[in-house]
Amino acid sequence: MICLKICQDSTSEDLKPIAEAVHSLLGIPTTIRSKNFHGIRMEKGQIIDDDYTGPVLEEVLEKNEVIRKVPMDGVYRGKAVVVVPIRSNDGELLGALGLVDLVAALDILSVFREYPDIVGEVEDAKKRMS
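These numbers come from a predicted model, not from an experiment. (Residues numbered from 1 in each chain as written. Predicted model: local features only at pLDDT ≥ 70, side-chain atom pairs only at ≥ 80, totals over all residues. Heavy atoms only, no water.)

Things to note about the overall build of the protein chain
- Within the protein chain one finds five helices and six strands.
- Each helix (α) and strand (β) of the protein chain, taken in turn from the N terminus, gives the series α-β-β-β-α-β-β-β-α-α-α.
- Counting the 130 residues in the protein chain, one finds 33% classified as buried.
- A separation of at least 24 residues holds for 41% of the contacts in the protein chain among residues at least 6 apart in sequence.
- When the accessible surface of the protein chain is split by element, carbon and sulfur atoms take 55% of a total near 8700 Å². (Helix = DSSP H or I, 4+ residues; strand = E, 2+ residues; numbered from the N terminus. Buried < 20%, exposed > 50% of the residue type's maximum accessible area, 1.4 Å probe, protein only. Contact = heavy atoms within 4.5 Å. Areas by Shrake-Rupley, 256 points an atom, 1.4 Å probe, with all protein chains shown as cover.)

Some points on the pattern of salt bridges
- According to the stated counting rule, one finds five salt bridges in the structure shown.
- As a salt-bridge pair, Arg41 and Glu43 come within 2.9 Å of each other at their nearest N and O atoms.
- Each of the salt bridges in this network shares a partner with another, and the network as a whole consists of Glu59, Lys63 and Lys69. (Salt bridge = Lys/Arg side-chain N within 4 Å of Asp/Glu carboxyl O.)

What to know about unusual backbone geometry
- A positive phi angle, close to 50°, is found at Lys44, a residue other than glycine.
- One can find Lys44 in the loop between strand 2 (39–43) and strand 3 (46–52).
- The phi angle at Asn64 is positive, at roughly 55°, despite the residue not being glycine.
- Along the chain, Asn64 turns up in the loop between helix 2 (55–63) and strand 4 (67–69).
- Residue Asn64 is classed as partly exposed on the basis of its relative accessible area of 27%.

Next up, the structure:
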């Protein structure tokens, strides 16, 4: 029987099944690391780096809280990311998992340009509500 366990000393190899599952599910850049070891960065279905850490992963490891921000340095400089702590059942910090934040990164103006009917539908809905 195979069992996945995460601890503060999990290596890239230990975290690989989790990184691959999250990345396959969401299809967006995914990062993960344990508290004591660098981890994995995945993009476009591939492991790009198996000795990865980034500034927001590091910040989450310091603060043990969810952080949404646009980093000023690192691989994802200028892109909205969200990084969450991975905790044990008793709240002990084990690592961090990060993704490019699609909600914050969504460019509403480009969506309206590509789907002009949306504007009309919103206007019609506003009229019906009045």
